[in-house]
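# Descriptive structure summary
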Amino acid sequence: MEMPFISTTSYFDLALDYLEWCDYPFSKYFSSDIRNLMMEVGLLKTFDLYMRNCRRRNHGMVLEHGQEEKANTKSDRVRRSIILFTMQDLVTRIQHDLHSAYLRDMQSGASDFSGIEGELIGFREDIELLFEKDINESWTNILLGHYSLGDARLVTDFIDSLSENLEYLLYRDHEFGEAFHYLIHTLKEKLMFLKSFICFVILQGVQGEQLIDLLIHIEVVAIKAARLIFISWFERDDEEVCNEMQFEISQLLREKIDPVDPQVKETYIHVLTASKLSRSSHNLALEENKNLVAKFIVCLLDYIMDLISHNSFLVPVKDQMLKFHQGVRFLSILLSQQQERFNELHDELKDLIRIVVCDAGIVIFSLSVNEMKISLAKETDLELFHLLKVLEFIMGEVTQIYPVTSPSPFRFPRSNELGSIDFLLENLEELACSEHDLVTLPKDQILTVQEDLIFLRSFLQNVVEQRNQNEKLQDVWNHVMGVAYKAELVIDSVVVGDKPECLDTIAGDIKLVKTEALEIYDSIRHDIEAQRVTKNFICIKSQHNTLGLNDVLVGLDDEVKTMMDKITRGSKLLDIVSIVGMPGLGKTAVASKVFSDSLVLGHFHICAWCIVSQVYSKHNLLVQILGCIASGRCDQYLNMNEDDLAEKLYKCLKGNRYLIILDDVWDIEPWNLSKPSLPDDANGSRILFTSRFHNLSSQFKEDCTPHHLRQLTDEESWALLQTKIFDKEVCPPALRVVGKQIAKNCRGLPLTVILVAGILSNVEEDCWEEVATSLSSRSVIETEHCMKTLELSYNHLPDYLKPCLLYLGAFQEDQDIPVRKLKLLWISEGFVRKTEPSDLEDVADGYLTDLITRSLVMVTLQRSVGGIKACRIHDLVHEFCVEKAKEERFLQILPGYTELSTYNGSYNTDRFFIYTATEEELKDSRLFFPNLRSLIWFSNHHWKFVLYGVYSFRFKMFKLLRVLDLGKLCLGSYFPREVVLLVHLRYLTIQCYINSIPSSIANLSRLETFIIKVYDGNVGLPDTIRSMKKLRHLYVEGILSPVAFSLSSDDLEVSQDIYHFETFTLAVDPSPQIFQKILTKLPSIRRLKCVGGRRYSAESFDRIIKLDFLSQLESLKVVSFQRVEFAFPLNLRKLTLSLLNAPGLHTRFEQNKLPWNKISAIAELPNLEVLKLSGAFVGETWEMGEGTFPKLRFLKLAYLDIVRWTASCDDFPPLQKLVLEGCAKLEDVPSCLGDIPTIEVIEVKWCHKSTASLVKQIQEQQMDMGNECLKIFIQENFKI
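The structure contained in this document is the topic of the report that follows. All figures in this text were calculated on a predicted structure; none of them were measured in a lab. (Residues numbered from 1 in each chain as written. Predicted model: local features only at pLDDT ≥ 70, side-chain atom pairs only at ≥ 80, totals over all residues. Heavy atoms only, no water.)

Bringing unusual backbone geometry into the picture now. Here the phi dihedral of Asp664 falls at roughly 65 degrees; this positive angle occurs in a residue that is not glycine. You can see Asp664 is positioned in the loop between strand 5 (658–663) and helix 28 (669–674). Residue Arg889 is not a glycine yet carries a positive backbone phi of 55 degrees. (Helix = DSSP H or I, 4+ residues; strand = E, 2+ residues; numbered from the N terminus.)

What the five strands build is an open sheet, ordered 4-5-6-3-7; its pairing is parallel. The open sheet has two free edges, formed respectively by strand 4 (606–611) and strand 7 (707–708), since each of these has just one partner strand. Examined bridge by bridge, strand 5 and strand 6 (residues 686–691) share four bridges and lie parallel to one another. By the bridge assignment, Leu662 is partnered in strand 6 with Phe689. Running over the sheet, helix 22 (residues 557–568) touches strand 3 (575–580), strand 5, strand 6 and strand 7 and is turned about 165 degrees from strand 3. (Pairing = 2+ DSSP bridges. Contact = heavy atoms within 4.5 Å. Axes fitted to C-alpha atoms, helices over the stretch in contact; angles between N-to-C directions.)

So, on to helix 36 (residues 819–829). Judged by how many residues are buried, helix 36 sits mostly within the fold: nine of 11 residues are covered. The complete set of buried residues in helix 36 reads Val819, Leu822, Lys823, Leu824, Leu825, Trp826, Ile827, Ser828 and Glu829. Positive phi shows up at Gly830, right after helix 36, with a value of about 90 degrees. (Buried < 20%, exposed > 50% of the residue type's maximum accessible area, 1.4 Å probe, protein only.)

For the rest of this paragraph, the subject is the packing of aromatic side chains. Describing an aromatic ring pair means giving the distance of the ring centres and the angle of the ring planes. Per the counting criterion, the structure on display carries 41 aromatic pairs. Pairing Tyr807 with Phe811 gives two aromatic rings, centres 6.4 Å apart and planes at 70 degrees, and the pair type is edge-to-face. Among the residues examined, Phe811 registers a relative accessible area of 6% and is labelled buried. Seen from their ring centres, Tyr915 and Phe938 are 5.4 Å apart, and the 75 degrees between their planes marks the pair as edge-to-face. Taken together, the positions of Tyr915 in strand 12 (residues 911–915) and Phe938 in strand 13 (residues 934–938) put the pair 23 residues apart, joining distant regions of the chain. Of the two residues, Tyr915 and Phe938, neither departs from the other in class, the shared state being buried. Put simply, the rings of Phe193, Phe197, Phe200, Tyr268, Phe296, Tyr303 and Phe365 pair up and form one aromatic cluster. Lying across the ring of Tyr794, Lys802 places its NZ or CZ 5.2 Å from the centre. (Phe/Tyr/Trp six-rings, centres within 6.5 Å; stacked < 30°, edge-to-face > 60°. Lys NZ or Arg CZ within 6 Å of the ring centre and 35° of its normal.)

Here we take up the nonpolar core. Core analysis: the biggest nonpolar cluster contains 136 residues, and Phe193, Phe197 and Phe324 have the highest contact counts within it. The element contributing the most residues to this core is helix 8 (residues 209–234), with 15 residues. Non-local contacts of Phe197, meaning those with residues more than four positions away in its chain, are made with Leu214, Tyr268, Val271, Leu272, Phe296 and Phe365. Membership of the second largest hydrophobic core comes to 104 residues, among which are Leu932, Val1014, Val1019 and Val1068. (Core = buried A, V, L, I, M, F, W, Y, C linked by side-chain atoms within 4.5 Å.)

None of this, on its own, says anything about what the molecule does.
Okay, here's the thing in structure tokens:
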């Protein structure tokens, strides 16, 4: 059917373009008026399009009604002409009148451009008057009753224009409330559905009388929607009117768009039936318009997802709907993302797909929400059953040609099997003991299931080592895990309000499996006990308990020396040096040793390390380099755009001799992106990069000869193996022969040697021969051999460590993993098993240490004293973890939109990790995982805005989530209201513009960790937070400045103590007195951050805040305080005092700093191990008094105006590390620092030159005395 096209008049577009142009130069004067006028001109444009093209319906009826009807028709025609002329005249005057006002303002010298502002206000008033008088409700009713566009193309154009109006409303988020915002977004989506509906049925060959009812219906909906939008816009300040409009929009959605009303449903089904039976459609049209069909299918998917996520129904119905969704999404992928594959299908299959799309629409529009809660009507059930069979046939036909598109069959996750049953048993115990009416399941049923699962858990533990050797045992194992997994889904679904099948069925299945387990266990019990008796072993524990990037690699000293010569000698021009070789050869280790060598640090003014890897961006590369060399916080660089970063980096490097290491480069693009920011001042600067690709060197620079890193000799491999297992001890003679054979079988790969050392350190002595045999039988291809070694390491892990290792593969390659976050995630996922008397975090620490001792995890950042702050896994280990996790159905990683949009795996996936993709891209993918337990977002962008993420991101679709981390996606100015319905959440991270948490957060009774990121300003917590007994860790982060939580000060005297908080950030606001009272309510706090308020009154100064009653407080950080002293608890181990978090801003607040004599109270703390002072004290001289720091191991002095510092070595008896940063005036440091027997490291950054000289002298004196253990790191100020 040919659709005539009638364009709207261009004067609207001219006016809008002119206003868009005006918005930039006048934005600081009246940007809001300009943007609002654009919205109102857009509304006029929409009505103009309709009134200019609509025609009166039923012209034949005019003769029957006589002269009165003719008069009405003529009157309507005249009125329409007047309205159209008025709109045209008003809009065409905008450019002329605004320009004239501008000229008048310029001539009169009106710097505030009041003339333009007056014209803008005048135009807005005229438009509002036009809508009130002319385009009012009576005129709209006339249009609805007697006129129509009568043409499909005009209707879709009208919808497009109306959608532009709605899009603008969505950008005006601050103008409207949360509920209205949701409705507008929903209305826009539904209008797009109606448009795609029209396009689809026309493509199918529907036309004429078959189409007219649908067109008229959609026109009526669009006109009513436009009218409601107009009223909502002009009456947005009237709360009563806005509430009425919200109701009418909701009614419009429910009664006129969704197929709930019988007449609407009949209209939709009638036209789809006509589409299905049409003979004028052909496969060529389908091939040429696949995107139109795909858009309609996407709308059908939305309806299916709405039905599933908003309703509770029996498991059989739910399973059918999930299969239906999977099949329809398969068609969507085929038609949108795999179009070439569709074109290659035979004509009969294409025609079948066309018909199936019509059938899918008919079934969806036939479904009744009420009947889905009970059971489907017989006719609908048969139609759905038949449709599922046809969809299954289509998927089978396609997958014969393209197997990759086949959906994965359902299987429960195979990792953490015993741990998952432990986790289920804990939940059952909680439900059985709960006094709340959380579920409708009887407690006696819960207790029965719990009792049987306890038995089965014991059975599995007894056969864990034999199951792989006994096929029957493995079958029973799988049966147990299957019913346990299903039981967990059923119980958790009931808790969130679903109505699945009765637990009786599950309980019966568990009893059957229990009987099966008893029978097989009786038959093999004697064999199991015999194996236990004969088992005798000696486990050699590794002496080397940490693996870091800077570990000594035996045998590569000559390689390090070669690379140092290459970068410190030769041409004065900027030069490129490369280290190339296969994965696991030690390229990064060699580069790291070069980077940290004192001779290199002394030779170059600036040294920077940048990890490139496969996923990178120019912004990320520049931020990494600047973060190494500049004095500002990394946060401030994350917020800068690429051009500003490039300019900043160029200025920092200009005039300095620099070394920049680009680690793990995969292609030439990172060099092309960063090269313009790297000046060549002919002073010997160098770029060193590592890569597994040999040909990259010539792409960096034509005459650049790559340095091929050699493999270890057999002797070097044996030496490295001994070092990793025995440290400085000697290998037992009985193990030397087999040990040398194992080292030889590692084929000179340092990573393989280290991995094998991790295995040997944790197995029986008599297993060394088995390891040697396993290695000798592997492929001679080195990379494959390394992966086989990893498989061997994985198989030797205890079951509870396997999920912990695989989970590391979910984090982005070559990125540091924050250990505290990792441990909290492990705990929330249920990987960490309770071990009395240790708490879960201590147990998680032990898990991580175990993985480190096995050389599977590298330590990249240590805490100030002891402990690990960040870790990482080698890229080959990462690759192994990703593949293994996918194989075992443990987790799924989707790197970007392409993978999101084409993924057609099982809808029973437990964990999803998404890189770089936006919230909109996830929504557009129409992925649906009703059993999803974890959803974590990674993004390289610092502050990603989501305009309506809280609504378009359908939290209700993931009702069983335990872990939700939306990373750096900003959800706008509202707390996501649907999040509080995710009652299984244990870990939650969100980012949004809010200043308070709603009281409904208490609905998340299982929440353990809550992290919120805001732009600026403190965040108020509701009183209901006290009832969340499992909530232990609360973090709040500010983008612009330090922020904190604030607790209500009402009724403090009678409110209950909050015993469950362990980690908390608290605002010292509105006064220290109230702050003091609030602290008394946190008796169990272990880690506390206090952020000073901005509303201190004069009487608040010079007060003492008592913390000495907090007997469990171990770590305290105080930020932005103002002359407030603290009485610290004696058990405090770590203390940070910072006036402000940003360097260079301290000097304006001298009156708020403490004098040095106040530090004596800190010096006397008997357990203090870490002290960080940043701009906290005032005074040129710090003279140590009688008080000492008896256990202080780490001291950092930053951004202080101190000039002289005197002390003796007795003042810091156990000091290990000293950091001096940004103390530009500091000229004298205690010469006795080197005499402290425990001192290991002194770092000096951006301090006075004399400070650096004195520290160097201290090192020289120590070296003269034979002490070569003291390490000095100096980073001087550089030219900018």
